[in-house]
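Architecture at a glance
As a plain string of letters, each chain reads:
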Amino acid sequence: MSNSTARTRRGCLCLLAAIVLTVARVAPVLAQPALLAPSASADGESVPVPVEPEVVARDSAGRVTVRATRLSEKLIVDGRLDEPVYQTVRSFGDFVQQEPHEGEAATERTEAWVFFDDSSIYISARCWQDPTLRLVANDMRRDGQNIFRNDNFGVILDTFHDRRNGFLFHTNPVGGLFDSQVTDEGASINRDWNTVWDARPGRFDGGWTVEIVIPFKSLRFPAGGQQVWGIGLRRIVQARNELSYLTRIPASAGPRGITRVSLAATLVGLEVGGSARPLEVKPYALGMTTTDLELEPSVTNDLDGKLGFDVKASITRGLVADFTLNTDFAQVEEDETQVNLTRFDVFFPEKREFFLEGQGIFTFGGAQGGGGYGGGGGPPSDTPVLFFSRRIGLSEENEAVLGIDWGARLTGRAGPYTLGLLQIRQDQSQALGLPTTDFTVARVKRDILRRSSIGALVTYRSDGEVVTGANTVVGADAYFAFYENLFVNAYVARSASEGLDGDDTSYRGEVNYDADRYGLQLEYLSVGDAFNPEVGFLRREDFKRSYVGGRFSPRPSNSKVLRKWGLEPSFEYITNSDFQLETQQAQLFGSLEFQNGDRFSVGAEHSIEVLRETFELTDKLDIPVGSYRFSNLRMAYELGPQRRVTGRVAVQRGGFYDGDRTEARFRGRVEVTSRLSLEPTIALNWVDTPYGDDTLQLYSVRTTMTLTPRVAVSALVQQNSQDQALGGSLRLRWEYRPGSDLFVVYSEGRDTDGPGIPFLQHRSVAIKLTRLVRF
């Protein structure tokens, strides 16, 4: 071990120890209830402490305060809204449009109530709707993404009233359930987070109703009986393509407007017992049979069984400790295959349950590491994700699943601090020649100003994949949100890897003005040739990126057809560390957004790509070293969600490394019934260059049958000619009681490189039973 690596490791361990000691000292103090003090608005002015109303109050600035009502009798959650309390307690509403007419009253009336008892909080709504409008409700799945393209009622609870973070719950008229965690007002959204809650819909002559129940044990909040939370409510009416909220949300916030908890209402009158610190134990039993003909030696119908458990304990009301033993992820859905025509790695999201809760805490420097620690749908541009949890328990190099012996995690809030600590031991793999590996991650963020933060992150891996030996990364970042639409992101990080010399630093600065009519983004990003985040995701190595992008997107007045149009020019310039050109790209895109939800876009781009080594595009096509210039044109049309057949059709035509490329792509959804849907994907690429030609084809279809919101069967079949792979899976999930599941999973992969029937590579059948016990 080099001296620099040893010093860095000792420094990281000291920082980790300091964080643990700080948590141990300050958590009991910071967890005590704080006095409700005035807060600052975006322009620095004081926001008055809300006065507790009878049910709801609105001040002259549009701020809303809602009082929760204690139930004297048990509320039966059935969606019918027929208990006497709905007659004796006045509802609140007066929702305000975000789309299409910001600030105007919602066209469809919504009545809402907030109740609580000793164990749970209840949010109910009566959603009136014009009977001539179609009620769009076609996704009953648990965590079905299409719920956002349905008529929808959403609730976000800012339980620490920090105006930054929250727990988000959505449901629709057929009882679909979707829950997620929001960090930094949507900078990171963990859509794969699951907790125990329920929602039941109902129908009446004037529209639909819903009752939502969320146990207090499913949430995190400050200690003490009296609570002051933030609460946001949203209604989506798809037939009108209308979004409305309890409070005014700017159109510039887009479809993520519900995550703007700084603009949410204040919830008062809530009382929660101060002594409960829930303990959850979730054991599992697994039986499976595996065939793998690619192993040496191969295995056929190998029977195996496994037992393990997860434990979740509340250290304080804001800090949660998790422990997992003999962890297994046999129930996890397969990754959707992708066509990759770039020379860089493809990003796949994290789907394993243990790594999903609290993932937004580990977001660093503005990187959005889709689905794993780091948040949303994928990293923006080439920004490194310093902690990407798929590096644990999965070997990307060997395309193998590795065992996890045990893991421990501490996440949550203590006063103005957000904390995340993770320790995982990955089992050795004798077949792959990989040793036992320890992973350590420490993250701390401190809230400053009203919506800003500063923080630090440390990652450590005892044995790396890129280099043999230990790897450590240390970084500091800052996030500033000014006024309504101005955001600044910055970070600096450094890695230390045994035997790896060179520039081991990375830094980034970004300024983003994101209003409804205008937008401007400036970014500079640098990644050194020896920067090596072994617990992260680094799509591109050794580069310096400069980027500028603008947007002009006005809304035509009084148009019954067109809601919004836009122009977006951008310019990107990337060099290596010696300032030699690698990539240059100039783009101009235009878009039309129609009142019915349809969208049309067209764009042109001119690119320069400099290859300093041969680029193996496919097995049939290698692009030689050289400098290449090419341009292309692309168009796309997306059908609005009110249709039974929705989707996006895209075509592209232009140059490609001294040749031509044509692409046609379709991704859609067919609503057979509210319980049965088909989701086909077709991607075809025709590549013709002086160095060879190839046709790349991707076909996939996902079929989902939802018996109830908690019982679903899904099948996925996908074929990718680039990987010469044909795969399929069948998955049954039955949540037989809240938080407890039965999974039955069949998976198969075949090699299509050859004549006749595709050759079997692997096959597995797994049955997994989990049981959640709460104390």
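In this text, all values refer to a predicted model and were calculated from it rather than measured experimentally.

**Comments concerning the overall build of the protein**
Broken down by element type, the protein carries 2 helices and 46 strands. Every one of the 775 residues in the protein was classed for burial, and the buried ones make up 54%. Per element, the accessible surface of the protein, about 33300 Å² overall, is 55% carbon and sulfur.

**Description of a nonpolar patch on the surface**
A cluster of nonpolar residues, Val511, Tyr513, Tyr518, Leu520, Leu522, Val548, Phe571 and Tyr573, forms a patch on the protein surface that exposes about 660 Å² of accessible area. Elements that contribute at least two residues to the nonpolar patch include exactly strand 29 (505-514), strand 30 (518-527) and strand 32 (562-575). At 3 residues, strand 30 tops the list of elements feeding residues into the nonpolar patch.

**Here we look at the packing of aromatic side chains**
For the coordinates displayed, the defined rule picks out 27 aromatic pairs. An angle of 40° between the planes, with centres 5.4 Å apart, marks the rings of Phe167 and Trp193 as tilted. Note that Phe167 is positioned in strand 10 (residues 166-171) and Trp193 in the loop between strand 12 (188-190) and strand 13 (198-204), a separation of 26 residues in sequence. The exposure class of Trp193 is buried, given its relative accessible area of 3%.

**Observations regarding the nonpolar core**
In terms of nonpolar packing, the biggest core is built from 38 residues, with Ile121, Phe153 and Leu233 touching the most fellow members. Looking at this core, the elements that each hand over two or more residues are strand 4 (64-67), strand 7 (110-116), strand 8 (120-128), strand 9 (152-158), strand 10, strand 14 (207-215), strand 15 (226-237) and strand 17 (265-271). Excluding its chain neighbours within four sequence positions, the residues that come into contact with Leu233 are Phe92, Phe95, Ala112, Ile123, Phe153, Gly154, Val155, Ser244, Tyr245 and Leu246. Residues Ile361, Phe387, Ile392 and Leu422 belong to the second largest nonpolar core, which totals 25 residues.

**Quick word on the pattern of salt bridges**
Taken as a whole, this structure holds 55 salt bridges when the rule is applied. Between Asp198 and Arg710 there is a salt bridge, and its shortest N-O distance comes to 3.2 Å. In this pair, Asp198 is assigned in strand 13 and Arg710 in the loop between strand 41 (692-708) and strand 42 (711-720), connecting sequence segments 512 residues apart. According to the relative accessible area criterion, Arg710 is buried, its value standing at 15%.

**Quick look at the environment of Ala264**
As for its position among the elements, Ala264 is in the loop between strand 16 (242-245) and strand 17. For the pair formed by Ala264 and Tyr245, sequence separation is 19 residues and the distance between their alpha carbons is 9.0 Å. Every residue in contact with Ala264, bar those within four places of it in the chain, is listed here: Ile231, Gly232 and Thr247.

**Let's talk about unusual backbone geometry**
Residue Pro100 is reached from Glu99 by a cis peptide bond, and omega for that bond is 0°. Its place among the elements puts Pro100 in the loop between strand 6 (96-99) and strand 7. Notably, Glu185 is not glycine yet its phi reads approximately 55°, a positive angle. With respect to the helices, strands and loops of the structure, Glu185 is situated in the loop between strand 11 (177-183) and strand 12. For Glu185, a relative accessible area of 12% gives the class buried. Within the chain, Tyr657 stands out as a residue other than glycine whose phi angle is a positive 50°.

**With respect to the side chain of Thr291**
Considering the arrangement of structural elements, one finds Thr291 in strand 18 (residues 279-292). At 3.0 Å, the side chain of Thr291 forms a polar contact with the backbone nitrogen of Asn301. In contact with Thr291, not counting residues within four places along its chain, are Val299, Thr300, Asn301, Leu760, Gln761, His762 and Arg763.

**Remarks on the sheet that holds strand 5 (residues 69-70)**
Reading across from one edge, 5-7-8-14-13 is the order of the 5 strands in this open sheet, with mixed pairing throughout. Each edge of the sheet is formed by a strand with only one pairing partner; in this case those strands are strand 5 and strand 13. Alignment of strand 8 against strand 14, held across 9 bridges, turns out to be antiparallel. Bridging across to strand 14, Ala125 finds its partner in Val210.

**Focus on a negative patch on the surface**
Taken together, the side chains of Glu616, Asp619, Asp622 and Asp753 make up a negatively charged region of the molecular surface. Residue Glu616 is classed as exposed on the basis of its relative accessible area, which comes to 54%.

**Notes on the side chain of Glu83**
Along the chain, Glu83 turns up in the loop between strand 5 and helix 2 (85-88). Although Glu83 is buried, it forms no salt bridge, and the closest oppositely charged side chain is Arg80 at an N-O distance of 7.7 Å. Discounting residues that sit within four places of it in the chain, Glu83 has contacts with Leu75, Ile76, Asp78 and Glu211.

**What to know about the confidence of the model for the protein**
Here the protein averages 87 in pLDDT, and 90% of its residues register 70 or above. Note on residues 1-5: pLDDT under 50 across the span, and 6 contacts to partners over four residues away in sequence or across chains. Note that pLDDT drops below 50 for residues 369-380; the model gives that stretch 54 contacts with residues more than four away or on any other chain.

**With respect to the pairing of strand 28 (residues 486-497)**
For strand 27 (residues 471-482) and strand 28, the ladder comprises 12 bridges, and the chain directions are antiparallel. Bridge pairing in strand 28 places Ala481 opposite Phe487. Hairpin remark: strand 27 followed by strand 28, antiparallel, with 3 residues in the connecting loop; positive phi at Tyr483, about 50°. Here 9 bridges tie strand 28 to strand 29, and the two strands are oriented antiparallel to one another.

**Some remarks on the environment of Glu334**
Note on placement: Glu334 falls in the loop between strand 20 (319-327) and strand 21 (394-395). Relative accessible area serves as the criterion here: at 23%, Glu334 is assigned to the partly exposed category. Taking the C-alpha atoms as reference points, Glu334 and Ser729, separated by 395 residues in sequence, lie 7.5 Å from one another. Contact partners of Glu334, with chain neighbours within four places excluded, come to Lys351, Gln718, Gly728, Ser729, Ser747 and Glu748.

**Considerations on the environment of Ile361**
Among the structural elements, Ile361 can be located in the loop between strand 20 and strand 21. Look at Ile361 and you get buried, because its relative accessible area is 10%. In this structure the C-alpha to C-alpha distance between Ile361 and Val444, which are 83 residues apart in sequence, comes to 8.2 Å. Apart from the residues within four sequence positions on either side, Ile361 is in contact with Thr183, Thr411, Gly412, Thr418, Leu419, Gly420, Arg443 and Lys445.

Here is what the cut-offs are and how they apply
One numbering rule holds for all chains: residues counted from 1, following each sequence as written. For this predicted model, a pLDDT threshold of at least 70 governs which residues receive local features, and a threshold of 80 or more governs which side-chain atom pairs are given and counted, while totals over whole chains, interfaces and linings are taken from all residues. Only hydrogens and water are removed before side-chain values are computed, so all heavy atoms of the structure are retained for them. Helix and strand assignments follow DSSP, with helices taken as H or I runs no shorter than four residues and strands as E runs no shorter than two, numbered in order from the N terminus. Think of it in three bands: residues with accessible area under 20% of the maximum for their type are buried, residues over 50% are exposed, and the middle band is partly exposed, with areas taken using a 1.4 Å probe on protein chains only. All accessibility values rest on the Shrake-Rupley procedure with a 1.4 Å probe; residue burial counts only the protein chains present in the view. Each patch groups residues whose relative accessible area exceeds 30% and which form no salt bridge, using 9 Å between like charges and 5 Å between nonpolar side chains of Val, Leu, Ile, Met, Phe, Trp and Tyr. Salt bridges are identified by distance alone: a Lys or Arg side-chain nitrogen within 4 Å of an Asp or Glu carboxyl oxygen. Any Phe, Tyr or Trp ring, taking Trp's six-membered ring, that has another such ring centre within 6.5 Å forms a pair; planes under 30 degrees apart are called stacked, those over 60 apart edge-to-face, and the others tilted. Only buried Ala, Val, Leu, Ile, Met, Phe, Trp, Tyr and Cys residues count toward a nonpolar core, and they belong to the same one when joined by side-chain atoms within 4.5 Å. Contact between two residues is taken to exist if any of their heavy atoms lie within 4.5 Å; hydrogens are not considered. We define a polar contact as two N or O atoms separated by no more than 3.5 Å, with the added condition that, inside protein, one atom must be a possible hydrogen donor and the other a possible acceptor, whereas residues neighbouring each other in sequence contribute only through side-chain atom pairs. Each pair of strands is called paired provided DSSP finds at least two bridges between the two strands. Working convention for charge: Lys and Arg count positive, Asp and Glu count negative, and His plus the chain ends are omitted. Note on charges: their place is set at NZ of Lys, CZ of Arg, CG of Asp or CD of Glu. The predictor rates its confidence in each residue with pLDDT, a number between 0 and 100.

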